[in-house]
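Remarks on the overall topology
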Amino acid sequence: MYENFDAIVIGCGFSGATAARCLAEKGKKVLILEKRDHIAGNMYDFIDENGILTHKYGPHIFHTNNKTVFEFLKRFTDFMPYEHRVIGRIDGQYVPIPFNFESADRLFGKEKSAKIKEALKKEYGDREKVTVNELLEGQGEIRKIGEFVFEKVFLHYTAKQWGMPPEKVDKSVLSRVPVVLGYDDRYFQDTYQYMPKDGYTKLFENMLRHENITVKTNVDALSLIHADAQSGKVTIGDEVYEKPIIWTAPADELFGCVFGRLPYRSLYLKIEHINKTWFQPAAVVNYPNEEDFTRITEFKYLTGQRIEGKTTIMKEYPMQYDPNAEKGNIPYYPIVGQENQALYDKYAELAGKIGNLYLCGRLAQYRYFNMDAAVAEALKLAERIS
Ligand code: UDP
């Protein structure tokens, strides 16, 4: 049966679905194999017992500067404007994160804050944001501000999230969350900040509704597919498959983890239903310090739903990924860094020996892609595949 398809895609998250859709539009018959019992990967959302659209695998907030990506996704759903705001619980107060001038005002009081803002403006002029590492590399007052922000916002959150001291965490990870030199209190500064009006699952349903796309859920591709770098061939079932195969699952698993497992970071996501109209003052409240969870999301803020007397929240408890564990068995985050990259490169090299095999996406490319970057990569890949 597999030879009836012009391409096979493993995994039905943004990478797999985007690649499949583009190939389908080029006239190729595409088969998607998905291990879970649903589409949409970690973007999967559903209406819960409170009637609230809930993101099963943690909050996914869309933002991009990439017009092509946004135009592509707009074809499959209406988007509603949504600017994400995060508040941090720091020293018993709620303050904006990214750390901004308002955060300084609240934590330091008028006079001291004025001095801090002055020093930052003097050092960085008209710049809108800097990284905490830049502050830490600064001198005098700037360094002191850096140390404060690092200690209160990044140090403990990062240690919890990654299970290692922050100095071991790649700098690019901390740079995702800047220090804002002004009063802009949005979490993202991108041009396009929207949420899919009817949720991500609906977006995926529309994207996958195409006469050339067949989706099979509950299929563990690992039990079917054998990739052999030596012969340069992939077999599916008993057949050698010579047409494009796009793999969006972890790259090591495809090769039986022969060089050892690629580490990922996982989460235990605890959903709670609460009989109150609102639980917290913002969509996400970060708990950088005392608690053992990192953040709480209240989904109604993301969806704009108006439901009285009920709300749904999710707490995130970071943990090491272990495919065999009861909790923490989903590989959410690649752990960026030289050593892991070197290990990944070995798997990528094996994959490179198989001419019709393509690794695509956050897991398969071992890159900390946001949703828009995953879509952009898949668009590029589909373009390359003739
Ligand atoms: N981070 C932090 N404190 C915060 C928010 C983020 O230390 O209050 C650090 C932490 O290391 C985290 C990284 O910045 O892993 C990236 O944060 P982001 O919100 O982008 O993470 P994601 O939403 O992808 O989990």
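Rules of the game
Going along each chain's sequence as written, the residues are numbered from 1 onward. Per-residue local features of the predicted model are confined to residues with pLDDT of at least 70, and side-chain atom pairs are confined, for both listing and counting, to 80 or more; whole-chain, interface and lining totals are unaffected and use all residues. Neither water nor hydrogens contribute to the side-chain values; these are computed over all heavy atoms in the structure. Only heavy atoms are used to decide nearness, and a residue is near a molecule or strand if one of them lies within 4 Å of it. Identification of polar contacts relies on pairs of N or O atoms within 3.5 Å, with a donor-acceptor requirement for protein atoms, meaning one able to donate a hydrogen and the other able to accept it, and with residues adjacent in sequence counted only if both atoms are side-chain atoms. In these tables, accessible area is a Shrake-Rupley quantity obtained with a 1.4 Å probe, and a residue counts as shielded only by the protein chains included in the view. Secondary structure counts use DSSP, requiring at least four H or I residues in a row for a helix and at least two E residues in a row for a strand, with both numbered from the N terminus. Following the grouping adopted for this structure description, the nonpolar residues are Ala, Val, Leu, Ile, Met, Phe, Trp, Tyr, Cys and Pro, the charged ones are Asp, Glu, Lys and Arg, and the polar ones are all others, Gly among them. Of the grid points, spaced at 1 Å and generated over the protein atoms alone, those admitting a 1.4 Å probe that cannot get out make up cavities, while open sets with protein on both sides within 12 Å along at least five of seven lines make up pockets; any residue with an atom within 4 Å of a point is treated as lining. Grid points are joined across faces, edges and corners, and a volume is the space filled by probe spheres set on the points. Throughout this description, buried means an accessible area under 20% of the type-specific maximum (1.4 Å probe, protein chains only), exposed means over 50%, and partly exposed covers the range between. For this analysis, residues touch if any pair of their heavy atoms sits within 4.5 Å. UniProt positions are given in the numbering used here, feature names are shortened, and annotations may be inferred rather than shown by experiment. Aromatic contacts are taken between Phe, Tyr and Trp rings whose centres are within 6.5 Å, Trp giving its six-membered ring; a plane angle under 30 degrees counts as stacked, one over 60 as edge-to-face, and the others as tilted. As a reminder, the over-ring test applies to NZ of lysine and CZ of arginine, requiring each to be within 6 Å of the ring centre and within 35 degrees of the ring normal. Buried residues of nine kinds, namely Ala, Val, Leu, Ile, Met, Phe, Trp, Tyr and Cys, make up a nonpolar core once their side-chain atoms join them within 4.5 Å. When DSSP finds at least two bridges between two strands, those strands are taken to pair. Axis geometry follows a simple rule: fit a line to the C-alpha atoms, using only the stretch in contact for helices, then measure angles between N-to-C directions, giving values from 0 to 180 degrees.

1. Section: the site of the ligand
Close to the ligand lie 16 residues, the nearest being Val153, Arg176, Tyr187, Tyr333 and Tyr368. The side chain of threonine 158 places a nitrogen or oxygen atom 2.9 Å from an oxygen atom of the ligand. Arginine 176 is positioned such that a nitrogen or oxygen atom in its side chain is 2.8 Å from an oxygen atom of the ligand. Look at the ligand: alone it shows 530 Å² of surface, and the protein chains cover 94% of it. Where the shell around the ligand is concerned, the elements lending two or more residues are helix H6 (140–162) and helix H7 (171–174). Here the shell around the ligand gets six residues from one element, more than from any other, and that element is H6. Here the shell around the ligand is composed, by residue class, of eleven nonpolar, three polar and two charged.

2. Some words on empty space enclosed by the protein
One pass over the full model with this rule turns up one cavity of 30 Å³ or more. Its boundaries defined by the atoms lining it, the largest cavity holds a volume of some 60 Å³. Along the walls of the largest cavity sit Leu53, His55, Met80, Met195, Pro196, Lys197, Gly199, Tyr200, Leu302 and Thr303, which together make up its complete lining. Elements supplying a minimum of two residues to the lining of the largest cavity: strand E4 (53–55), strand E11 (192–196) and helix H10 (299–303). Here the lining of the largest cavity is composed, by residue class, of six nonpolar, three polar and one charged.

3. Digging into the environment of cysteine 22
Relative to the elements of secondary structure, cysteine 22 occurs in helix H1 (residues 14–25). On the basis of relative accessibility, which here comes to 15%, the residue cysteine 22 falls in the buried class. Separated by 359 residues in sequence, cysteine 22 and leucine 381 have C-alpha atoms that sit 9.4 Å apart. Ignoring sequence-local partners within four residues, the contact set of cysteine 22 consists of Phe72, Leu379 and Ala382.

4. Focus on the UniProt feature "domain: UDP-galactopyranose mutase C-terminal" (unreviewed entry) in the protein
UniProt's entry tags residues 152–368 with the feature "domain: UDP-galactopyranose mutase C-terminal" (unreviewed entry), counted in the numbering of this structure. Along residues 152–368 the backbone is 22% helical and 27% strand, and the end-to-end C-alpha distance reaches 24 Å.

5. Some points on the packing of aromatic side chains
All told, the structure shown has 25 aromatic pairs when counted by the stated rule. Plain terms: the ring middles of phenylalanine 101 and tyrosine 183 are 5.7 Å apart, the flat faces sit at 85 degrees to each other, and that makes the pair edge-to-face. Separated by 82 residues along the polypeptide, phenylalanine 101 in helix H3 (residues 101–108) and tyrosine 183 in the loop between strand E10 (179–180) and E11 bring together distant segments of the chain. With a relative accessible area of 5%, phenylalanine 101 lands in the buried category. A relative accessible area of 44% places tyrosine 183 in the partly exposed class. Positioned above the aromatic ring of tryptophan 278 is the side chain of lysine 300, whose terminal nitrogen or guanidinium carbon lies 4.7 Å from the ring centre.

6. Examining the nonpolar core
Within the largest apolar cluster, 126 residues are counted, with the highest numbers of intra-cluster contacts made by Phe14, Leu73, Leu120, Ile246, Trp247 and Phe255. What isoleucine 246 contacts, discounting residues up to four positions off in sequence, is Ile8, Val9, Ile10, Ala19, Leu23, Tyr358, Cys360, Leu381 and Ile385.

7. What about the sheet that holds strand E6 (residues 79–81)?
Sheet architecture is open: three strands sit in the order E5-E11-E6, paired in antiparallel fashion. A strand with exactly one partner marks an edge of an open sheet, and here the two such strands are strand E5 (63–64) and E6. Judged from the two bridges that link them, E5 and E11 form a sheet pairing that is antiparallel. Across the sheet, histidine 63 pairs through a bridge with glutamine 193, a residue of E11.

8. Examining the sheet that holds strand E2 (residues 30–33)
Read from one edge of the open sheet, five strands run E12-E2-E1-E16-E22, paired in parallel fashion. A single partner strand is all that each edge strand has here, and the edge strands are strand E12 (213–216) and strand E22 (357–359). When the angles between neighbouring strand axes are averaged without regard to direction, this sheet yields 20 degrees. By the bridge criterion, three bridges tie strand E16 (residues 245–247) to E22 in an arrangement that is parallel. In the strand pairing of E22, isoleucine 245 is matched with leucine 357. The sheet contacts of H1 involve strand E1 (7–10), E2, E12 and E16, and relative to E2 the element is tilted by about 165 degrees.

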